[in-house]
Amino acid sequence: MPAETHSHRAPWAGDELRELVVERLAEAAARDPEAIVPTMRLEDDLGLSDLAAKALRDTRLTPEEFLEMERSSPIKHEYVAGRAYEMAANTDVHNLIMGNLVIALRTHLRGPQGRVFFIGFNLPLTAVEAFYYPDVMVSFEEAPDCYYREQPVLVAEILSVESAQRDRGEKWRDYQTLESLKEYVLVSQDSMDVRVFRRDESGDWKQHIYTDGMQIPLLSVDLEIPIEQVYEEVWE
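The structure reproduced in this document is the subject of the present report. (Residues numbered from 1 in each chain as written. Predicted model: local features only at pLDDT ≥ 70, side-chain atom pairs only at ≥ 80, totals over all residues. Heavy atoms only, no water.)

A word on the nonpolar core. Val187, Leu218 and Tyr231 are the most contacted members of the largest nonpolar core, which has 30 residues in total. Elements that contribute at least two residues to this core include exactly α5 (92-108), β6 (136-139), β7 (152-158), β8 (183-187), β9 (194-199), β11 (215-218), β12 (223-226) and α8 (227-230). In this view, Leu218 contacts Leu105, Leu154, Glu183, Val185, Val196, Leu223 and Ile225; residues no more than four positions away in its chain are not counted. (Core = buried A, V, L, I, M, F, W, Y, C linked by side-chain atoms within 4.5 Å. Buried < 20%, exposed > 50% of the residue type's maximum accessible area, 1.4 Å probe, protein only. Helix = DSSP H or I, 4+ residues; strand = E, 2+ residues; numbered from the N terminus. Contact = heavy atoms within 4.5 Å.)

Structure follows, in structure tokens:
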């Protein structure tokens, strides 16, 4: 992402963003000064203490404010109903599985077909006022912006202890608001277990479970992947 960062600077870069942070912190302090003011530390370059960062997180941002902040920040956040949530770090197993999926999809879609996106590429969900970063997504749309896509046909999430509940619950409900979406893929990190939620011709979603030795059909991109390929080198 074409954003200038410096190791000594806080992730909230830019004068306008620093002013926004100060404004939001002031609002939070006004609501509960005893809880925030005595322990809040704003360093020379607006470095935020944990408590100050929490104060910002607990205040509402507009989508425009969130996007401006996010494009300047080396730390990625997801956004739901006015609040930004820092994304957790990925494990080696997570990255291996994601890489295997990306390679299979990219090899299949090579040329002027669908595009495969991963690692911090944004997906706005306007119906629920949210911005997510799917682990992997495929879109056939013309690019509306270099930072995001709006009409994926396939979204995949690699489950972790921290993310599994949200990926199966809140995120899945939100993803269903995408009219373009045809398949939602959940991949376990602990065993060969892949769940594909597929929208049928009537618009209903059906769950399909794939385990050891099975082929995973991804109808939205006309591809079958052996499950062993998804987990290649993961447990070696």
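It is worth spelling out the pattern of salt bridges at this point. A complete count under the given rule lists five salt bridges for this structure. The salt bridge partner of Glu157 is Lys171, with a shortest N-O separation of 3.5 Å. Taken as a pair, Glu157 in strand β7 and Lys171 in helix α7 (residues 170-175) lie far apart in primary sequence, 14 residues in all. Linking Arg195 and Asp193 is a salt bridge whose minimum nitrogen-to-oxygen distance equals 2.6 Å. The structure contains a network of salt bridges with shared partners spanning Glu157, Asp167 and Lys171. (Salt bridge = Lys/Arg side-chain N within 4 Å of Asp/Glu carboxyl O.)

A word on helix α4 (residues 63-72). Burial in α4 covers these residues: Glu65, Phe66, Met69, Glu70 and Ser72. Projected onto a plane normal to the axis of α4, the buried residues spread over an arc of 165 degrees and lie on a single side. (Arc of directions from axis to C-beta.)

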